[in-house]
Amino acid sequence: QVQLVESGGGSVQAGGSLRLSCAASGYIAGYYTIQRDMGWFRQGPGGEREGAAAIQRDGSTTHADPVKGRFTISKDNTKNTLYLQMNSLKAEDTAMYYCAAGGPFIWLTAPLRGSQYDYWGQGTQVSVSS
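Residues numbered from 1 in each chain as written. Predicted model: local features only at pLDDT ≥ 70, side-chain atom pairs only at ≥ 80, totals over all residues. Heavy atoms only, no water.

Chemist: Give me unusual backbone geometry: which residues, what numbers.
Modeler: For asparagine 80, which is not a glycine, the phi torsion comes out positive at approximately 50°. Position of asparagine 80 among the secondary structure elements: in the loop between strand 7 (71-76) and strand 8 (81-86). By relative accessible area, which is 2% here, asparagine 80 ends up buried. Residue phenylalanine 105 is not a glycine yet carries a positive backbone phi of 60°. We classify phenylalanine 105 as exposed; its relative accessible area is 57%. (Helix = DSSP H or I, 4+ residues; strand = E, 2+ residues; numbered from the N terminus. Buried < 20%, exposed > 50% of the residue type's maximum accessible area, 1.4 Å probe, protein only.)

Structure below.
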């Protein structure tokens, strides 16, 4: 019923910026993101999926060490949309980026752990050249 659809990926040079979006479809506007903790995960070529950033229902955020100071997670509850602003991109940021959502009204204690999320998008590719 509800699908998470990422967009905004692409190819950029090191030092550039991208803004990823994750829209929840098939749900009443203004309710999906306010009911759930959400996050962005990434998986590089040959690597494991790792948490990049997460945002809780109350708006508090968590950013993984490799992206602190460069990436910013945010959301627009009225649009049921999650965002990831990525600045000062590095070649090591090259990965498939996935949007994830926890269960409704469930508080995640380890928001950068993928096993805590119930719903996932199809991913959007980010490629950074140096």
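Back to the write-up after that little detour.
Chemist: Could you give me a rundown of the side chain of arginine 70, with the residues and numbers involved?
Modeler: Position of arginine 70 relative to the elements: it lies in the loop between strand 6 (61-63) and strand 7. For arginine 70, the side chain forms a polar contact with the main-chain oxygen of serine 88, separated by 3.0 Å. Within the structure, the side chain of arginine 70 is placed 2.7 Å from the side chain of aspartate 93, a separation counted as a polar contact. Beyond its immediate chain neighbours, meaning those up to four positions away, arginine 70 contacts Gln85, Met86, Asn87, Ser88, Leu89, Lys90 and Asp93. (Polar contact = N/O pair within 3.5 Å; in protein donor to acceptor, adjacent residues only side chain to side chain. Contact = heavy atoms within 4.5 Å.)

Chemist: Please provide a residue-by-residue account of a nonpolar patch on the surface, values included.
Modeler: A grouping of Tyr27, Ile28, Tyr31 and Ile34 is seen on the molecular surface, where their side chains present a nonpolar patch of about 400 Å² in accessible area. What makes tyrosine 31 partly exposed here is its relative accessible area of 46%. (Patch = residues over 30% accessible without salt bridge, like charges linked within 9 Å, V, L, I, M, F, W, Y side chains within 5 Å. Areas by Shrake-Rupley, 256 points an atom, 1.4 Å probe, with all protein chains shown as cover. Salt bridge = Lys/Arg side-chain N within 4 Å of Asp/Glu carboxyl O.)

Chemist: Explain the state of the cysteines to me, and be specific about the residues and the numbers.
Modeler: Taken as a whole, this structure holds 1 disulfide when the rule is applied. Across the disulfide, cysteine 22 is cross-linked to cysteine 99 (sulfur-sulfur distance 2.0 Å). Because the sign of the S-S torsion sets the handedness, a value of about -70° for the bond joining cysteine 22 and cysteine 99 places this disulfide among the left-handed ones. Residue cysteine 22 is located in strand 3 (residues 18-25), and its partner cysteine 99 is located in strand 9 (residues 95-101); the two are separated by 77 residues in the primary sequence. Look at cysteine 22 and you get buried, because its relative accessible area is 1%. (Disulfide = S-S within 2.5 Å.)

Chemist: Describe the side chain of glutamate 6, and please don't skip the residues or the numbers.
Modeler: When you line up the elements, glutamate 6 lands in strand 1 (residues 3-7). With no salt bridge to any partner, buried glutamate 6 finds its closest opposite charge in arginine 49, at an N-O distance of 7.8 Å. Within the structure, glutamate 6 has its side chain in polar contact with the backbone nitrogen of glutamine 122 (distance 3.0 Å). Polar contacts involving the side chain of glutamate 6 include one to the main-chain amide nitrogen of glycine 123, which spans 2.9 Å. Those residues in contact with glutamate 6, other than ones at most four positions away along the chain, are Ser21, Cys22, Trp40, Tyr97, Tyr98, Cys99, Gly121, Gln122, Gly123 and Thr124. (Lys, Arg positive; Asp, Glu negative; His and termini not counted.)

Chemist: Explain the pattern of salt bridges residue by residue, including any values.
Modeler: Going through the model one piece at a time under the given rule, you end up with 5 salt bridges. Between glutamate 50 and arginine 42 there is a salt bridge, with its nearest N and O atoms 3.2 Å apart. Given a relative accessible area of 39%, glutamate 50 falls into the partly exposed group. When the shortest N-O distance is used, the salt bridge between aspartate 93 and arginine 70 registers 2.7 Å. Of this pair, aspartate 93 sits in the loop between strand 8 and strand 9 while arginine 70 is found in the loop between strand 6 and strand 7, placing the two residues 23 residues apart along the sequence. Of the two residues examined, aspartate 93 and arginine 70, each falls in the buried class. Taken together, the shared-partner salt bridges connect Arg42, Glu50, Arg70 and Asp93 into one network.

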